[in-house]
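Fold and geometry: a report
Below are the chains, spelled out letter by letter.
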Amino acid sequence: MRNEPLGTLGSTLVPSALAARLEAHGDSQRAFRSARRAFIDGARIDMGSLAASLGVDRTSLFRWVGNRDQLLSEILWSLAVPTLDAAGRAAAPSGAARIVDVLDHFTADLIRAPYFRAFLTREPTRALRLLTTTDSDVQRRFVAVMTAVIATEQDAGAFDPAPLSAEELARLLVRVSESFTYADLISGETPDPERARTTFEYILRP
């Protein structure tokens, strides 16, 4: 699994209804691409405006991409995929160092991504709900990816998460990542990727 793209792995491990529609329907893909471009440009995704720009009614749009939360969640994950893939490629080859590197690269990239910070500033309550709750496809996929990363190192004898299971440790590390990524919304502090890495290293130290 070390050579498998991590973002793609997350989509495979935790599929969504919208992801299935995107694979099967050209109209869904067209609407999704339009919304994703607008999001990257820093615009607020408005379902009425999106439907009008596509020349369809809201009913058709909802049939294609689901509700606004489903659409935003899938957009957010689609942007996380290349970030996680890059994190996996840049990480150390094995052991705790690999786990730290994946978390470090991913967390730092989110903290520094302008379109992501714009979304957090524009819709903080919705952002936290879509990104950090247990019902969130984004969080469930992130946890699934980190569980797989930890389990791979455990199976190879390069890391032992005991006394926690791989999934329990993954959930803890994801929560730590979230606490730094969304520090400005949670505690009013400035997100600090260097402190985040130090914390990951502390938790995973031998």
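Residues numbered from 1 in each chain as written. Predicted model: local features only at pLDDT ≥ 70, side-chain atom pairs only at ≥ 80, totals over all residues. Heavy atoms only, no water.

A look at the packing of helix α11 (residues 166-181) against helix α13 (residues 193-203)
Stated precisely, the cut-off is as follows: With axes taken as lines fitted to C-alpha atoms, and helix axes fitted only over the stretch in contact, angles between N-to-C directions fall between 0 and 180 degrees. Put simply, DSSP marks the helices as runs of H or I at least four residues long and the strands as runs of E at least two long, and each gets a number from the N terminus on. With respect to orientation, any angle under 35 degrees is reported as roughly parallel, any angle over 145 as roughly antiparallel, any angle of 65 to 115 as roughly perpendicular, and every other angle as oblique. Crossings are classed by handedness, with left-handed meaning an anticlockwise turn of the near helix from the far one by less than a right angle and right-handed meaning a clockwise turn. Residues are treated as being in contact if the distance between any of their heavy atoms lies within 4.5 Å. The classification used treats Ala, Val, Leu, Ile, Met, Phe, Trp, Tyr, Cys and Pro as nonpolar, Asp, Glu, Lys and Arg as charged, and all other residues, Gly among them, as polar.
Axis separation between α11 and α13 bottoms out at 10 Å; the angle between their running directions is 160°. The orientation of α11 relative to α13 falls into the category roughly antiparallel. The way α11 lies across α13 gives a crossing that is right-handed. Every residue of α13 that contacts α11 at L169, L172, L173, V176, S177 and F180 is listed here: R195, A196, T199, F200 and I203. Across the contact of α11 with α13, the residue classes break down as 8 nonpolar, 2 polar and 1 charged.

A few points about the nonpolar core
What counts, and what does not: In this description, a nonpolar core means a group of buried Ala, Val, Leu, Ile, Met, Phe, Trp, Tyr and Cys residues linked to one another through side-chain atoms lying within 4.5 Å. Buried residues are those whose accessible area, probed at 1.4 Å on protein chains only, stays under 20% of the maximum for their type, while exposed residues exceed 50% and partly exposed ones sit between those limits.
Core analysis: the largest hydrophobic core is formed by 58 residues, its most contacted members being L71, I99, L131 and M146. Each residue touching L71, except ones within four places of it in the same chain, is listed here: L18, F32, A35, I45, M47, L50 and V65.

A look at the UniProt feature "domain: QsdR TetR regulatory C-terminal" (unreviewed entry) in the protein chain
Put simply, the rule is: UniProt positions are given in the numbering used here, feature names are shortened, and annotations may be inferred rather than shown by experiment.
Sequence positions flagged by UniProt for "domain: QsdR TetR regulatory C-terminal" (unreviewed entry) are, in local numbering, residues 94-205. Strand forms 0% of residues 94-205 and helix 77%; the C-alpha atoms that close the span are 14 Å apart.

Focus: the packing of aromatic side chains
Just so we agree on the cut-off: Centre distance within 6.5 Å is the pairing criterion for rings of Phe, Tyr and Trp, where only the six-membered ring of Trp is used; planes under 30 degrees apart are then read as stacked, over 60 as edge-to-face, and the remainder as tilted.
For the structure shown, the criterion picks out 4 aromatic pairs. Seen in terms of ring centroids, F106 and F142 are 4.7 Å apart; in terms of plane orientation they differ by 55°. Their pairing is tilted. Here the residue F106 occupies a position in helix α7 (residues 95-112), and F142 occupies one in helix α10 (residues 137-155), the gap between them amounting to 36 residues. In this structure an aromatic cluster arises from ring pairing among F39, Y115 and F119.

A word on the side chain of D101
Among the secondary structure elements, D101 is positioned in helix α7. Residues in contact with D101, not counting those within four places in the same chain, are A91, A92 and R197.

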